[in-house]
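# Coordinates in review
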Amino acid sequence: MSVSVRIPTILRTYTGGSAEVSGEGATLRDVLAKLDSDYPGIGARILDESGKIRRFVNVYVGEEDVRFAQGLDTPAPDGTQISIIPAVAGG
Amino acid sequence: MSLPPLVEPADELTVDEVRRYSRHLIIPDVGMAGQKRLKNAKVLCVGAGGLGSPALLYLAAAGVGTLGIIDFDVVDESNLQRQVIHGQSDVGKPKAESAAASVREINPLVDVVIHNTALTTENVMEIFSGYDLIVDGTDNFATRYMVNDAAVLLGKPYVWGSIYRFDGQASVFWAEHGPCYRCLYPEPPPPGMVPSCAEGGVLGVLCASIGSIQVNEAIKLLTGIGEPLVGRLMIYDALEMKYRDVKVRKDPECVLCGKNPTVTQLLDDYEAFCGAISDEAAEAASGSTITALELKGMMDRGENIYVVDVREPNEYEIVSIPGATLIPKGEFLNGSALEKMPQDKKIVLHCKSGARSAEALAVVKDAGFSDAVHVGGGVLSWVKTVDPSLPSY
């Protein structure tokens, strides 16, 4: 399954500046694992030590916040856009 | 989902007001009724900085009757790249007063209320209670959670916006009709994980992009027109020039606005909730913090030290302490910097203002460099106390 993953500015140091990268996996968990193997270190910015999504980071599969879907087990259908949206506080 | 107007209309518009607001009055959706609602509206802008600048200018021009401005800070030259409500001659003046002067110049019909103070747990409820709507333009997580909690507890809507480099986010939080900020981000990031604009920078014009969305939503809420940004998060990427919106659900488990709330009043200490620096960093820095002047003394005496600048390369390029080696904080956090640390020299770490170097210090001490220290106040303090000819940023 091929998906696109939107990378926020704050994490683009890991993707060599790319705002969008392609990903693969049947579920969000698989997509994030593949993402971390492609861009080492990025996974730890999204997941905590116990492997859960950090509470100041929201991950959307399509338009849905996965916290209100099936979390990391949320399916990632072919062609879906996955967005990683961390909290920012600047003003 | 459309919502009823937040404000009742004022009795009438004067002839001057009709002339001034004619371009609003001839829009059927706004009209006399909408403009009278704006005239009766009381809006508070928290922060007269990047987001507050465009927000206040447009709220004033639009004819919002009462505009509150709260900011404790004074105008600094480094603000002028984006905080367009202030000018060169305002440098050194309180931001709330400088902003009020600009508002009066744009629209003398606005009643401006200046709160030249920091928003605190002691004053936030009282200040907010005098307004219909809050616009959040603050620059830190602690104040943002406090604004949210106070707004939810008082049952008031607020328009939230946030910016970093080329990214902006905006939403309307109104617990009565949708989610609150804690539904979107239940917990703040641990200290050091998300850089501020002072550390990471921000494109000046991004403030206008997000600030104008905030005013747009404020006007809609006040007059009851359109589809408010309740339950949606608007995400803007200035580099790609793309706006997207995603759903924000009300979290039934939200500690503040959920079914069984456990937060029923303001927290005692929002700084502690968000943590200025991590516990590890605070512990490492305790007793191991030197001043910039002390560092200068060590250099002058030719002491055997290794000075490391843990900022980013572009910051190093702006200004640096002579002789410092650049090794960004990230390399300490992932451990790769440790092999570059000399065993036979005292390690002195510094950053811009002392927070990042404290985080790096925790790593260095943990690796056994027990006599390592960091410079309190960082390179900014060096500029201030050792070499004022160097630039600050």
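Everything below is about the structure shown above.
Residues numbered from 1 in each chain as written. Chains lettered and ligands numbered in written order. Predicted model: local features only at pLDDT ≥ 70, side-chain atom pairs only at ≥ 80, totals over all residues. Heavy atoms only, no water.

### Some words on the packing of aromatic side chains
Residues and elements named next belong to chain B. Inspection of every chain in the model, using the stated rule, returns eight aromatic pairs over all chains. Considering the side-chain rings of Tyr 145 and Tyr 181, the 4.8 Å spacing of their centres and the 50 degrees angle between planes classify their relative orientation as tilted. With Tyr 145 in helix H7 (residues 141–154) and Tyr 181 in helix H8 (residues 181–184), the pair connects residues that are 36 residues apart, well separated along the chain. The exposure classification of Tyr 145 matches that of Tyr 181, with both residues buried. Taken together, a centroid distance of 4.4 Å and an interplanar angle of 25 degrees make the contact between Tyr 236 and Tyr 243 stacked. The buried category is assigned to Tyr 236, whose relative accessible area is 6%. Overall, the relative accessible area of 44% leaves Tyr 243 in the partly exposed class. (Phe/Tyr/Trp six-rings, centres within 6.5 Å; stacked < 30°, edge-to-face > 60°. Helix = DSSP H or I, 4+ residues; strand = E, 2+ residues; numbered from the N terminus. Buried < 20%, exposed > 50% of the residue type's maximum accessible area, 1.4 Å probe, protein only.)

### A word on the environment of Asp 73 of chain B
Residues and elements named next belong to chain B. Within the element layout of this structure, Asp 73 appears in the loop between strand S2 (66–70) and helix H5 (95–106). By relative accessible area, Asp 73 is classed as partly exposed at 32%. Taking the C-alpha atoms as reference, Asp 73 lies 35 Å from Arg 249; in sequence the two are 176 residues apart. Excluding residues within four positions of it along the chain, Asp 73 makes contact with Lys 93, Pro 94 and Lys 95. (Contact = heavy atoms within 4.5 Å.)

### Let's talk about the interface of chain B and chain A
Every contact between the two is made by 45 residues of chain B and, on the other side, 26 residues of chain A. Summing both sides of the interface, chain B and chain A together bury roughly 2,900 Å²; the carbon and sulfur share of this comes to 54%. The interface formed by chain B and chain A includes seven salt bridges. A salt bridge links Arg 6 of chain A to Glu 240 of chain B; its shortest N-O distance comes to 3.1 Å. Listing elements by their share of the side of chain B that touches chain A, those giving two or more residues are H7, strand S5 (158–164), strand S6 (167–173), H8, strand S7 (232–237) and strand S8 (242–247) of chain B. (Buried area = accessible area lost by both parts, 1.4 Å probe. Salt bridge = Lys/Arg side-chain N within 4 Å of Asp/Glu carboxyl O.)

### Things to note about unusual backbone geometry
All names here are of chain B. If you check the backbone angles, Arg 165 has positive phi at about 55 degrees while not being a glycine. Residue position: Arg 165 is located in the loop between S5 and S6. At Met 241, a residue that is not glycine, the phi angle is positive and equals roughly 55 degrees. By the element assignment, Met 241 lies in the loop between S7 and S8.

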